Amino acid sequence: MSTPARNVVIIGSGPAGHTAALYAARANLAPLMIEGLARGGIPGGQLMITNDVENYPGFPEKVTGPDLMARFREQSVAQGVEIVTDDVTRVDLSARPFRVWVGEAKEPVLARAVILATGAQAKWLGLPTEAALQGKGVSACAVCDGAFFRHQDVVVVGGGDTAMEEASYLSGLCRSVTLVHRRGEFRASKTMQARVLANPKIHPLYDSAVEEILDASRGEVTGARVKNLRTGAVSVVPCTGLFVAIGHTPNTDLFAGQIDLHDNGYIKTRPGSSNTNVPGVFACGDVQDFTYRQAVTAAGSGCMAALDAERWLGASDAH
Ligand code: NDP
């Protein structure tokens, strides 16, 4: 005899997943969360690689990303959320109940509703010194970490809308922003480019690539060694912070071909809701948000997903 279907299975354990779980538990849906052993082997999402968080409301004393996620998890557990620490390896969203395969288990978990909260990951340059200095001056989120570089010189790498946004935001805090882009023109929308190019604090450096971030031996950022890709000339841009803004990758591999995605790979949700195109499948957090990408917006959308799932389950029971 097969195990009965769970009301709600939540895939992912960042702020979106935990908020969805918390609300679903409080609605008596007995949710199951698969928290994943995502890259790096730790559940909890992108906050697990963030140092200090000063913009999550309710924490006037700054809190570290891992501490904040520990508190999210503690609250989920206190509300009765069942958490499985393993990776989802496959899902079948083509028929109800939905099927979710977890870890090595042969039999899938059956789910009446599924909440997708698998998040996104920042793309990195792949330099050894970048990995060594992450959280020590190297960041992929200006809104999260910009305030640590007030009145200092920083570098932003990238040429898309994210890089323009990061550079504009940092220009409000920092003394100077050098914007390093690998080609001779930006990819960003014309409006955002125009704003950046008119900003006297932002200095574009075209046709250039960061070869090394200095100074890993001191455990802090002191500059970026930049190569001009046209001339081959190498120079050092002094800075205390370096922001990589070359895009994000949503973690949607598991769902590709089963639900509608935007061209950039993010899950499509019906505006103003967490509904995907598959009834009973909801998405929240960064896996469906390429605009705001904040812990607090992810948490808010997790709440929406739990409420949407609860209402959908209630309506399905009525039929
Ligand atoms: P994009 O893919 O649009 O841009 C990435 C940029 O990084 C490109 O300029 C690219 O260079 C560069 N890049 C990529 N890989 C490397 C690398 N290894 N080394 C150096 N440079 C690299 O990503 P974004 O995150 O900027 O934007 C993603 C989507 O989100 C877009 O659709 C964008 O419009 C949207 N967005 C919208 C915003 C808004 O409307 N407010 C804000 C932020 C994003 P190259 O140009 O040479 O390929």
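Refer to the preceding data block for the structure.
These remarks concern the structure in this document.

Thresholds, definitions, all that
Residues numbered from 1 in each chain as written. Predicted model: local features only at pLDDT ≥ 70, side-chain atom pairs only at ≥ 80, totals over all residues. Heavy atoms only, no water. Core = buried A, V, L, I, M, F, W, Y, C linked by side-chain atoms within 4.5 Å. Buried < 20%, exposed > 50% of the residue type's maximum accessible area, 1.4 Å probe, protein only. Helix = DSSP H or I, 4+ residues; strand = E, 2+ residues; numbered from the N terminus. Contact = heavy atoms within 4.5 Å. Salt bridge = Lys/Arg side-chain N within 4 Å of Asp/Glu carboxyl O. Pairing = 2+ DSSP bridges. Axes fitted to C-alpha atoms, helices over the stretch in contact; angles between N-to-C directions. Near = heavy atom within 4 Å. Polar contact = N/O pair within 3.5 Å; in protein donor to acceptor, adjacent residues only side chain to side chain. 1 Å grid on protein atoms, 1.4 Å probe; cavity = no way out; pocket = protein on both sides within 12 Å on 5 of 7 lines; lining within 4 Å. Sits in = over half its atoms within 2 Å of the grid points. Nonpolar A, V, L, I, M, F, W, Y, C, P; charged D, E, K, R; others polar. Disulfide = S-S within 2.5 Å.

## Some words on the nonpolar core
Phase 1 of the analysis: Counting 22 residues, the largest nonpolar core has I10, I115 and F282 as the members making the most contacts within it.
Phase 2 of the analysis: Ranked by residues supplied to this core, first place goes to helix 7 (residues 295–317) with six residues.
Phase 3 of the analysis: For I115, the residues in contact, after removing those within four places along its chain, are V8, V9, I10, I11, A20, F282, C284, A305, A306 and A309.
Phase 4 of the analysis: By size, the runner-up hydrophobic cluster in this structure holds 20 residues, among which are V91, A111, F255 and V281.

## A word on the pattern of salt bridges
Pairing between side chains of opposite charge can happen when the charged atoms of each approach one another.
Phase 1 of the analysis: Within this structure, the stated rule accounts for eight salt bridges.
Phase 2 of the analysis: A salt bridge links D207 to R230, with the shortest nitrogen-to-oxygen separation between them at 3.0 Å. Residue D207 is found in the loop between strand 13 (202–205) and strand 14 (208–214), and its partner R230 is found in the loop between strand 15 (223–228) and strand 16 (234–238); the two are separated by 23 residues along the sequence.
Phase 3 of the analysis: We note a salt bridge from E212 to R225, for which the minimum N-O separation is 2.5 Å. A residue pair is termed long-range when its members are at least 10 positions apart, and E212 in strand 14 and R225 in strand 15 qualify at 13 residues.
Phase 4 of the analysis: We classify E212 as partly exposed; its relative accessible area is 24%.
Phase 5 of the analysis: Residues joined in a network through salt bridges with shared partners are E211, E212 and R225.

## Quick look at the sheet that holds strand 15
Phase 1 of the analysis: If you trace the three strands from one edge of the open sheet to the other, you get 14-15-16, paired in antiparallel fashion. Each edge of the sheet is formed by a strand with only one pairing partner; in this case those strands are strand 14 and strand 16. Pairs of neighbouring strands in the sheet enclose a mean axial angle of 30°, with direction left out of account.
Phase 2 of the analysis: Strand direction decides the pairing type here: strand 15 and strand 16, joined by five bridges, are antiparallel. Paired with R225 across the bridge in strand 16 is V236.

## Quick notes on the site of the ligand
Phase 1 of the analysis: Around the ligand sit 13 residues, and of these D161, T162, E165, R183 and R187 come closest.
Phase 2 of the analysis: Note that an oxygen atom of the ligand is positioned 2.7 Å from one of the side-chain N or O atoms of R183.
Phase 3 of the analysis: Of all the cavities here, the one that holds the ligand is the second largest pocket.
Phase 4 of the analysis: Of the residues contributing to the shell around the ligand, the split by class is three nonpolar, five polar and five charged.

## Description of the state of the cysteines
Each disulfide consists of one covalent bond between the sulfur atoms belonging to two cysteines.
Phase 1 of the analysis: What the rule picks out here adds up to one disulfide.
Phase 2 of the analysis: Covalently, C141 is tied to C144 through a disulfide, its sulfur atoms 2.0 Å apart. Torsion about the S-S bond of the C141 and C144 cystine: about 75°, corresponding to right-handed handedness.
Phase 3 of the analysis: With relative accessibility at 23%, the residue C144 sits in the partly exposed group.
Phase 4 of the analysis: No disulfide involves C174; its sulfur sits 10 Å from the nearest other cysteine sulfur, which is in C239.

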